[in-house]
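Tertiary structure, described
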Amino acid sequence: MSLIKKSEANSVSMSHWHPNFRNFERLPDTKVVRTTFFINVTAITIAACLVVFVGYRQVRLRELNGQLQEAQLMIEKNTKENTEALRLTKIFDEEAKKMAEAANFTKRTLPPSDFIIMLGKTLPKEVQIESADLRYSGATGDQCILRGIVAGSKEDASGSATKYIEVLRNAPLWTAKFDSVSLGALNPDPAGGFMRFEIILKFKGAPKEKKS
Amino acid sequence: MNGNDIILLLKKNPVGVTCGIVALLCGVTLYLGAEAIDDSRLKVEASTKQSQLMINNVRNAAGLSLAKQTEAMQRAVKQLDGRLVKASQLATNLQYFYRLESETGVKLTDLRPNQAPRGSSGFYIGVPYTVTLQGTFKQVMEFLQRIESGKHFSKYSAISFNKAAGVEVASSVLSVTINIELLGTP
């Protein structure tokens, strides 16, 4: 008995080993949602997005091509009339330039005949104009220099000359055409009992003289 | 992996493989047509712009009666050309002043053509003359007004009025020196 008990005590417990013959590749996917489902859904989503994007681009391209054709048609339709319009415009511009050049040439600050009439309207009895120089161009710009004599004693003559200048400065006819009226000189004439004067009138738009 | 394995894989994942092929085709299409839309858009913009420009040109030309206006402008320029002097035709040009002399009664004491400015960039040039004349106030005024509104276009450079030398003041004879340019062609 003792021998039998001893042998039981010495016995080793062994697990029930057996080889694993399962082929996992062939076994069915037993998860609740199969992995293949996720893979397929992802693949379909990506493919669908790409297809939609490509489709959208194709539609857009077709639209653009349609617009291009439409524009080309309009160009073809209007080419003849446009060429004619451009030709006429070119001719018109060329002729207009000629007219403008001629108009610019004849543009007068103040025609001399008008100036003489203006002078006659404002000339007082005691003042006599001996010369008038009108310069329509030059370094000092358009200007007029009037030279003449004023009758009377020195005192009276200088007063008359000043009065005459005031008339020229204030007469609307003159202020419309001249920027400035200034007395250049007023000297007694050695030969007679009168004063010689020089009046400088600057046309409107004439450059101002630089003061040194 | 041999052919059988591939076929097996295809058979096993038909959806995935199909989607992969579709994606690949889409990628190739996108790659090949990457700049097609931009190119087309640029072409459309250029063509539309050109088309709109042409439409505006045609519409404006029609609205403004450009043909009629051009015709009128051409007629006006033709008339203008008829009033120009030719710098080379000295005798004809001087005749203009002599005719004015005989018509107004002034006396031309000097009549000289001056050197025309060179290198004019415009269509026309000013043909310059110096005219010295004597006459009564009325004659001189008529002479000036005839020049200002005469056949030829004119521009004064300078004009000087003086009492005629050796003539009594009471007679009102004026001596006038005019620097004038007549609009013309070389």
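Look up: the structure comes first, before these words.
In short, a report on the structure. (Residues numbered from 1 in each chain as written. Chains lettered and ligands numbered in written order. Predicted model: local features only at pLDDT ≥ 70, side-chain atom pairs only at ≥ 80, totals over all residues. Heavy atoms only, no water.)

1. Description of the overall build of chain A
Tallying secondary structure elements over chain A gives 5 helices and 4 strands in all. Traced from its N-terminal end to its C-terminal end, chain A shows the element sequence α-α-α-β-β-α-α-β-β. Taken over 212 residues, chain A has a buried fraction of 29%. For chain A, long-range pairs separated by at least 24 residues make up 58% of all intrachain contacts whose partners lie at least 6 apart in sequence. For chain A, the exposed area adds up to about 14900 Å²; of that, 59% sits on carbon and sulfur atoms. (Helix = DSSP H or I, 4+ residues; strand = E, 2+ residues; numbered from the N terminus. Buried < 20%, exposed > 50% of the residue type's maximum accessible area, 1.4 Å probe, protein only. Contact = heavy atoms within 4.5 Å. Areas by Shrake-Rupley, 256 points an atom, 1.4 Å probe, with all protein chains shown as cover.)

2. Observations regarding the nonpolar core
Of all hydrophobic cores here, the largest spans 53 residues; its most connected members are Phe115 and Leu146 of chain A together with Phe97, Val131, Phe143 and Ile178 of chain B. Leave out the neighbours within four places in its chain, and Phe115 of chain A touches Leu110, Ala132, Leu134, Cys144, Leu146, Trp174 and Phe178 of chain A. Ranked by size, the runner-up nonpolar core spans 8 residues in total, among them Phe105 of chain A together with Leu80, Leu84 and Phe153 of chain B. (Core = buried A, V, L, I, M, F, W, Y, C linked by side-chain atoms within 4.5 Å.)

3. Observations regarding the packing of helix α3 (residues 112–122) of chain A against helix α6 (residues 137–148) of chain B
Two elements in contact, α3 of chain A and α6 of chain B, have axes whose closest approach is 8 Å; the angle formed by their N-to-C orientations is 140 degrees. On the basis of the axis angle, α3 of chain A is oblique to α6 of chain B. Side by side, α3 of chain A and α6 of chain B meet where Pro112, Ser113, Ile116 and Ile117 of chain A of the first sit next to Phe137, Met141, Leu144, Gln145 and Glu148 of chain B of the second. Taken together, the residues of the contact of α3 of chain A with α6 of chain B sort by class into 6 nonpolar, 2 polar and 1 charged. (Axes fitted to C-alpha atoms, helices over the stretch in contact; angles between N-to-C directions. Parallel < 35°, antiparallel > 145°, perpendicular 65-115°, else oblique. Nonpolar A, V, L, I, M, F, W, Y, C, P; charged D, E, K, R; others polar.)

4. Side note on the interface of chain B and chain A
At the junction of the two partners, chain B supplies 61 residues and chain A supplies 57 residues. Buried area between chain B and chain A, both sides added, is near 5200 Å², and the carbon and sulfur share of it is 71%. On the chain B side of the contact with chain A, Ile37, Met54 and Phe123 of chain B bury the most area, a combined 12% of that side's loss. Among the ionic pairs, Glu130 of chain A bridges to Lys163 of chain B, the shortest N-O distance being 3.5 Å. Scanning the region where chain B abuts chain A turns up 12 residue pairs in polar contact (both at pLDDT 80 or more). Elements with a contribution of two residues or more to the side of chain B that touches chain A: α2 (14–32), α3 (36–63), α4 (66–82), α6, β4 (154–163) and β5 (173–185) of chain B. When residues of the side of chain B that touches chain A are assigned to their parent elements, the largest contribution, 15 residues, is made by α3 of chain B. (Buried area = accessible area lost by both parts, 1.4 Å probe. Salt bridge = Lys/Arg side-chain N within 4 Å of Asp/Glu carboxyl O. Polar contact = N/O pair within 3.5 Å; in protein donor to acceptor, adjacent residues only side chain to side chain.)

That is the geometry; function is a separate question.
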